[in-house]
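Notes for the structure review
Below are the chains, spelled out letter by letter.
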Amino acid sequence: MNPLFSHPMGVGTWAWGDRLFWGYGRGYGEGELEGAFRASLEAGVRLFDTAEFYGFGLAERLLGRFMARSGERPYLVTKFFPYPWRLSRKSLLLALKGSLGRLGVEAVDLYLLHWPWPPVPLRVWAEALAEAYERGLARGVGACNLALGQLGEVKEVLDRHRVPLLALQVEYSLLKRDWEPHLPALRREGIALMAYSPLAMGWLTGKLDPKRPPKGYRGAKYRPLLAQVERLLPPLRALAEAKGVSPAAVALRYLMEKGALPIPGAKNAAQARLNAEALRFRLTPGEVALLQAAS
């Protein structure tokens, strides 16, 4: 059985060390992130998703330090970024060894191709993932941001090596539901769908006002969806109040009810605890349908 199916939720670490987009060092730092790490573990969330690209390696180093100081070894996911100067499968193996050094481990539990970008053909990176698995550097492999046809291409290569494709990681939230119809088929194939940006970069926490969207990337990316946000927030807040949890927890629970593995970010202990509320309750089929209709 796919080990990811035993993890209902994880923690995404894009904001860990990222100064350009998330403003690491302005309002939060290493101490707050270590609080998020410990609070997540205390709440039963034991999967951490990171990448060499996050903070240009700093996210991995921070996670490695937190593990070393706590003595904890959660399920570790990290990713290979196909920079255009990385032109051979050896690049992936070298990058993975760099990630292992920053994390302070001999192998990761899951290693993912971050993006299927040219110039290197996708099958070359799939062969490299298989080699990482065969060498014992990664206990499982997968990919992010693939189209359905690309997923089949990667699976075909891995199948030849008898290496299971454990995960597809894509953007999935109540505002971005493109992959939702494919979830049952993925599950039958033994592939876990990991949902990044499951709170739509904060829009589904209820803290952002669609009438006054924030400046920068978060505002621009979701500007076409603001009418959708306005429709969705009232039932999301009403359900949260009825359940005694945060709107974020309801949005995350929806994805879990659909069979996805959400990996929300957490920059401090309070955010980690709010996310973990999603583990404490269920949504009825009627409540799931209500959220679908609003989104």
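Residues numbered from 1 in each chain as written. Predicted model: local features only at pLDDT ≥ 70, side-chain atom pairs only at ≥ 80, totals over all residues. Heavy atoms only, no water.

Within the fold, leucine 261 resides in strand β8 (residues 261-262). Take leucine 261: its relative accessible area is 3%, and that puts it in the buried class. Distance from leucine 261 to proline 198, taken between C-alpha atoms, is 9.4 Å for residues 63 residues apart in sequence. Setting aside anything within four residues of it in sequence, one finds leucine 261 in contact with Leu4, His7, Pro8, Met9, Gly10, Leu47, Leu193, Met194 and Ala195. (Helix = DSSP H or I, 4+ residues; strand = E, 2+ residues; numbered from the N terminus. Buried < 20%, exposed > 50% of the residue type's maximum accessible area, 1.4 Å probe, protein only. Contact = heavy atoms within 4.5 Å.)

Another point: the pattern of salt bridges. Summed over the entire model, instances satisfying the criterion amount to 19 salt bridges. One salt bridge connects glutamate 60 with arginine 102, and the closest N-O pair in it is separated by 2.6 Å. Pair noted here: glutamate 60 is in helix α2 (residues 58-70) and arginine 102 is in helix α3 (residues 89-103), with a separation of 42 residues, a long-range link. For arginine 102, a relative accessible area of 26% corresponds to the partly exposed category. For the salt bridge of arginine 73 with aspartate 109, the shortest nitrogen-to-oxygen distance reads 2.7 Å. Separated by 36 residues along the polypeptide, arginine 73 in the loop between α2 and β3 (75-80) and aspartate 109 in the loop between α3 and β4 (110-113) bring together distant segments of the chain. Exposure remark for arginine 73: the relative accessible area of 34% places this residue in the partly exposed category. Among the residues examined, aspartate 109 registers a relative accessible area of 11% and is labelled buried. (Salt bridge = Lys/Arg side-chain N within 4 Å of Asp/Glu carboxyl O.)

Okay, the packing of α3 against helix α4 (residues 122-134) next. Close contact between α3 and α4 brings their axes to 8 Å; oriented N to C, the two are set at 45°. Comparing the axis directions of α3 and α4 gives the class oblique. The two elements α3 and α4 cross, and the hand of that crossing is right-handed. In this structure, α3 contributes Arg89, Ser91, Leu92, Leu93 and Leu96 to the contact, and α4 contributes Val124, Trp125, Glu127, Ala128, Leu129, Glu131 and Ala132. Looking at the contact of α3 with α4 residue by residue, the class counts come to 8 nonpolar, 1 polar and 3 charged. (Axes fitted to C-alpha atoms, helices over the stretch in contact; angles between N-to-C directions. Parallel < 35°, antiparallel > 145°, perpendicular 65-115°, else oblique. Left-handed = near helix turned anticlockwise from the far one by under 90°. Nonpolar A, V, L, I, M, F, W, Y, C, P; charged D, E, K, R; others polar.)

Let us look at the sheet that holds strand β2 (residues 47-49). By definition, the strands of a sheet pair up through backbone hydrogen bonds, in either a parallel or an antiparallel sense. Here we have 8 strands laid out as an open sheet, ordered β1-β2-β3-β4-β5-β6-β7-β8, and parallel in their pairing. This sheet does not close on itself; its edge strands, each paired only once, are β1 (11-12) and β8. Examined bridge by bridge, strand β5 (residues 141-144) and strand β6 (residues 165-171) share 4 bridges and lie parallel to one another. Considered in β6, the bridge of alanine 143 is made with leucine 168. Lying over the sheet, α3 contacts β3 and β4, oriented at roughly 140° with respect to β3. (Pairing = 2+ DSSP bridges.)

Moving on: the packing of aromatic side chains. One pass over the full model with this rule turns up 15 aromatic pairs. The interplanar angle of 75° and the centroid separation of 4.8 Å between the aromatic rings of phenylalanine 21 and tryptophan 22 together place this pair among those described as edge-to-face. Note on phenylalanine 53 and phenylalanine 56: the rings are 5.6 Å apart at their centroids and 65° apart in plane angle, and the pair reads as edge-to-face. A connected cluster of aromatic rings, assembled from ring pairs, spans Phe53, Phe56, Phe81, Tyr83, Trp85, Trp115 and Trp117. Across from the ring centre of phenylalanine 5, 3.9 Å away, lies the NZ or CZ of arginine 187, which sits over that ring. (Phe/Tyr/Trp six-rings, centres within 6.5 Å; stacked < 30°, edge-to-face > 60°. Lys NZ or Arg CZ within 6 Å of the ring centre and 35° of its normal.)

Topologically, threonine 78 is positioned in strand β3. The class of threonine 78 is buried, set by a relative accessible area of 0%. Here the side chain of threonine 78 touches glutamate 60 through a polar contact of 2.6 Å, side chain to side chain. (Polar contact = N/O pair within 3.5 Å; in protein donor to acceptor, adjacent residues only side chain to side chain.)

Now for the pairing of β4. Going residue by residue along β4, you find Leu110 and Leu112 tucked away on one face and Tyr111 and Leu113 tucked away on the opposite face as well. Taken together, the 3 bridges between β4 and β5 define a ladder with parallel strand orientation. Bridge assignment links leucine 112 to a residue of β5, and that residue is glycine 142. As for the winding sense of the linkage, the β-α-β connection from β4 through α4 to β5 is right-handed. (Right-handed = clockwise from strand over helix to strand, strands pointing away.)

Next up on the list: the pairing of β6. The element β6 is largely enclosed, with a buried count of 7 among its 7 residues. Read as a crossover between parallel neighbours, the route from β5 over helix α5 (residues 148-160) to β6 is right-handed. With 5 bridges joining them, β6 and strand β7 (residues 192-196) adopt parallel strand pairing. Bridging from a neighbouring strand, glutamine 169 pairs with methionine 194 of β7.

This part covers α5. Its 13 residues give α5 an end-to-end C-alpha distance of 19 Å, which sits within 8% of 18 Å, the value for a rise of 1.5 Å per residue. Buried within α5 are the following residues: Leu151, Val154, Val157 and Leu158. All buried residues of α5 fall inside an arc of 130° around its axis, so they share one side. For α5, exposure combined with an orientation more than 90 degrees from the buried face picks out Gly149 and Arg160. Taken together, the buried residues of α5 touch α4, β5, β6 and α6 (183-188). Arginine 162, located one to two residues past α5, shows a positive phi value of around 60°. (Expected span 1.5 Å × (residues − 1). Arc of directions from axis to C-beta.)

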